[in-house]
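If you want the building blocks of each chain, they are given just below.
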Amino acid sequence: MDKHDAASKLLHGQAQIWKQMFAFVDSMALKCAVELQIADIIHSHGRPLSLSEISSNITNSSSPSFPYLARIMRLLVRNNIFESIEDVQPENGGDTPSTTLYGLTTASRWLLNNNDQLSMAPFILMENHPWLLSPWHQLSTCVREGGIAFQKAHGKEIWDMASQNPEFNKIFNDGMECTGKITMQAILSVFKGTYWDGVETLVDVGGGTGATIAEIVKVYPHIKGINFDLPHVVATAPKYDGVSHVGGDMFDAIPSAQAVFMKWIMHDWCDEDCVKILKNCRRAIPEKTGKVFIVEVVLKPDGDGLFDSIGMILDLLMIAHSSGGKERTEPEWKKLLDKGGFPRYKITEIPACFSIIEAYPE
Ligand SMILES: Nc1ncnc2c1ncn2[C@@H]1O[C@H](CSCC[C@H]([NH3+])C(=O)O)[C@@H](O)[C@H]1O
C-alpha cells in the first residue's frame, strides 16, 4: 500500500467514526418526523407537499420554525426517509426558483399513524424514549460488573417499571402492538390456508394487549384465542372478538390450549428461565399433538440477509432492556428447545425480521 492509499484508508476510517458517533442523530430525526406526524401530513394530502404546506399542518404549534423543519427534512431526504422533488413551474419561464416538494418513500410509509396502515411509529417512539435510551449508557458498566442495564439506569427491571408506571406501560405496549401486527401479517402470508385447521385454541404467551392473537383470530375465526400476559398488561387490553384476556405469570402456569404462540418472549430471558417457560408450555399443550409456535430472531452473525444486522442490534437491545435475555443462533435454539422438552423443531423464514420456530414435544 503506498502512502497515498494508506492516508485515504485512514481518512475513510475517520469518516466511519464520525458517522457511527452520530448515528443517534438519524434516530432523533426519525423520532422528530414521527412526533410531528410529517408522513401523515403528506399522506393525508395524497401528493408531495412543499415545506410551507407541511409546516402549516403541524399540530400544537402556532408558528412552527420553518428553518428548523427545512434542515431536518434535508437530512431525512438524504437518509431516504422522504423524497424531494423539484417542482418547476413552466409558466414562469424558469426564472423563479423551483419549489421543493416532499413525498413519501417506502420507508416513510412505515411512519404513518393511520390505524388502517401497518406502522412502526409507536415502536420508534418507544425505543427512542429517554426511559428506554438511558439503559444504553450502562453497556460498559455491564461488561465491567455484569448485572442488568435497565436496573442500573432505573433502579428496577423493565416489567416492574411497566407495572408501576402507567405511562411507561402504555408506551411499551403500544410499541409492541405495532410490531405484533406487522409480524402477524408476515406470518399469515406464509402460514395460511389449512395450516390452522387443527388448532381450535391458541394461547399467546406474553401476548401484550392482544393485537397479535386478534389478527390470527380475525382471519381464522374457528380459533379461540387466549391472550395471556401479566395482570397490569391485560388490564389495559381492549376487547377483541374471539379473544379472551387472561392475566398471570408464565413462570407459574400457562393456560391450556392446543398450541402456544410466543412472540418476542424467549429473547427476554436467560437459558434457565427459557427452559422454565418451555416446560410450562409443555404442560399447557396436549402431550403428543401439541405445538409451540415461537416467533424470534434466529441470529446469523455473519449473515447478509435483509435483517441479519438488525438481529445483532436486537441482541444488544436485550442487554439494554431485558433481564438476562439474548438473541440466539440455530444451534443455541436447538439446545434450548431440547432442554425445555421439545426435541423436534422446524425453522421457517418469513418476510420479516423474525423467523418462525415450530417446536414439537415428540
Ligand atoms: N412472567 C410473565 N408472565 C407473562 N407475561 C410476561 C411475564 N413477564 C413479561 N411478560 C410479558 O412479555 C411480553 C414481552 S414483550 C412482547 C409482547 C408481544 N408478544 C409482542 O411481541 O408484541 C410483555 O408483554 C410482558 O408484559
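If you're wondering where the values come from, they're calculated on a predicted model, not measured in any experiment.

I'd like a rundown of the packing of helix α14 (residues 271-284) against helix α16 (residues 330-339), residues and numbers included.
Axis separation between α14 and α16 bottoms out at 8 Å; the angle between their running directions is 50°. By the criterion of interaxial angle, the relationship of α14 to α16 is oblique. As for how α14 packs across α16, the hand of that crossing is right-handed. Contacts from Asp271, Cys274, Val275, Leu278 and Lys279 in α14 reach Leu336, Leu337 and Lys339 in α16. Counted by class, the contact of α14 with α16 contains five nonpolar, no polar and three charged residues.

Report on the site of the ligand, specifying residues and quantitative values.
By nearness alone, 17 residues border the ligand, and Gly206, Asp229, Asp249, Met250 and Lys263 come closest of all. Met176 is positioned with one of its backbone polar atoms (N or O) 3.2 Å from an oxygen atom of the ligand. Taking Lys263, its side chain carries an N or O atom lying 2.7 Å from an oxygen atom of the ligand. Coverage of the ligand by the protein amounts to 97% of the 570 Å² it exposes when considered alone. A per-class count over the shell around the ligand returns 10 nonpolar, three polar and four charged.

Describe the pairing of strand β4 (residues 201-205), with residues and values.
If a strand is regular, its side chains alternate between the two faces of the sheet. The buried fraction of β4 is high, at four of five residues. Of the pairings in the sheet, the one linking β4 to strand β5 (residues 224-229) comprises five bridges and is parallel in character. For Val205, the partnering residue across the bridge sits in β5 and is Phe228. The parallel pair β4 and β5, bridged by helix α12 (residues 211-219), forms a crossover whose chirality is right-handed. Bridge analysis of β4 against strand β7 (residues 259-263) gives three bridges, and the strand direction is parallel. From the neighbouring strand, Leu202 faces β7, where its bridge partner is Ala259.

Go over the packing of helix α2 (residues 23-35) against helix α5 (residues 66-78), please, and point to the residues and values.
Packing of α2 against α5 brings their axes to within 10 Å, and their N-to-C directions diverge by 115°. Note that α2 runs across α5; the crossing there is left-handed. Residues Val25, Asp26, Ala29, Leu30, Cys32 and Ala33 of α2 form the contact with α5, whose own contacting residues are Ile72, Leu75 and Leu76. For the contact of α2 with α5, the class distribution of residues is eight nonpolar, no polar and one charged.

Got a sec to walk through a nonpolar patch on the surface? Specific residues and values, please.
A cluster of nonpolar side chains, namely Ile17, Trp18, Met21, Phe22, Phe24, Val25 and Met28, defines an oily patch on the protein surface of about 680 Å² accessible area. For the nonpolar patch, the secondary-structure elements that each account for two or more residues are α1 (3-21) and α2. Counting through the fold element by element, Val25 comes out in helix α2.

Help me get a handle on the nonpolar core, residues and values and all.
Counting 41 residues, the largest nonpolar core has Phe168, Ile187, Trp196, Leu202, Ile216, Phe261 and Phe293 as its most contacted members. Going through the elements one at a time, α6 (121-127), α10 (158-164), α11 (166-190), α12, β7, β8 (291-296) and α15 (308-321) are the ones with two or more residues in this core. If one sorts the elements of this core by residue count, α11 sits on top with nine residues. The contact partners of Ile216, leaving out residues within four places of it in the chain, are Met184, Leu188, Trp196, Leu202, Ile223 and Phe261. Among the nonpolar cores identified, the runner-up in size contains 28 residues, and Ile226, Ile277, Val292 and Ala359 belong to it.

An account of the pattern of salt bridges is needed here, citing residue identities and associated values.
Counted under the stated rule, the structure contains 12 salt bridges. Note that Glu215 and Lys218 form a salt bridge whose closest N and O atoms lie 3.5 Å from each other. Here Lys218 and Glu215 lie together in helix α12, a separation of three residues that amounts to about one turn. Residue classification places Lys218 among the exposed residues on the basis of a relative accessible area of 60%. As a salt-bridge pair, Lys326 and Asp271 come within 3.9 Å of each other at their nearest N and O atoms.

Could you give me a rundown of the sheet that holds strand β2 (residues 82-87), with the residues and numbers involved?
Hydrogen bonds along the backbone pair up the strands of a sheet, which may run parallel or antiparallel. The strand order across the open sheet formed by three strands is β1-β3-β2, and the pairing between neighbours is antiparallel. Because the sheet does not close on itself, it has two edges, and the strands there are β1 (49-50) and β2. In this sheet, strand β3 (residues 99-104) lies alongside β1 in antiparallel orientation, the contact comprising two bridges. The residue bridging Ser50 from the neighbouring strand is Leu101, located in β3. Contacts between helix α3 (residues 38-45) and the sheet are confined to β1, β2 and β3, with β3 contributing the most and set at about 95° to the helix.

Account for the UniProt feature "active site" (unreviewed entry) in the protein chain, naming residues and giving values.
According to UniProt, the feature "active site" (unreviewed entry) maps to His267 in the numbering used here. Along the chain, His267 turns up in the loop between β7 and α14. Assessed through its relative accessible area of 3%, His267 is described here as buried. What His267 contacts, discounting residues up to four positions off in sequence, is Glu296, Met318, Ser322, Gly325, Lys326, Glu327 and Arg328.

Outline α1, supporting the account with residue identities and numerical values.
Between its terminal C-alpha atoms α1 stretches 27 Å, which fits the 27 Å expected from 19 residues at 1.5 Å a residue. Capping the start of α1 is the job of one residue whose side-chain oxygen sits 3.0 Å from the backbone nitrogen of His4: Asp2.

Criteria and cut-off values
- Residues numbered from 1 in each chain as written.
- Predicted model: local features only at pLDDT ≥ 70, side-chain atom pairs only at ≥ 80, totals over all residues.
- Heavy atoms only, no water.
- Axes fitted to C-alpha atoms, helices over the stretch in contact; angles between N-to-C directions.
- Helix = DSSP H or I, 4+ residues; strand = E, 2+ residues; numbered from the N terminus.
- Parallel < 35°, antiparallel > 145°, perpendicular 65-115°, else oblique.
- Left-handed = near helix turned anticlockwise from the far one by under 90°.
- Contact = heavy atoms within 4.5 Å.
- Nonpolar A, V, L, I, M, F, W, Y, C, P; charged D, E, K, R; others polar.
- Near = heavy atom within 4 Å.
- Polar contact = N/O pair within 3.5 Å; in protein donor to acceptor, adjacent residues only side chain to side chain.
- Areas by Shrake-Rupley, 256 points an atom, 1.4 Å probe, with all protein chains shown as cover.
- Buried < 20%, exposed > 50% of the residue type's maximum accessible area, 1.4 Å probe, protein only.
- Pairing = 2+ DSSP bridges.
- Right-handed = clockwise from strand over helix to strand, strands pointing away.
- Patch = residues over 30% accessible without salt bridge, like charges linked within 9 Å, V, L, I, M, F, W, Y side chains within 5 Å.
- Salt bridge = Lys/Arg side-chain N within 4 Å of Asp/Glu carboxyl O.
- Core = buried A, V, L, I, M, F, W, Y, C linked by side-chain atoms within 4.5 Å.
- UniProt positions renumbered as here; feature names shortened; annotations may be inferred.
- Expected span 1.5 Å × (residues − 1).

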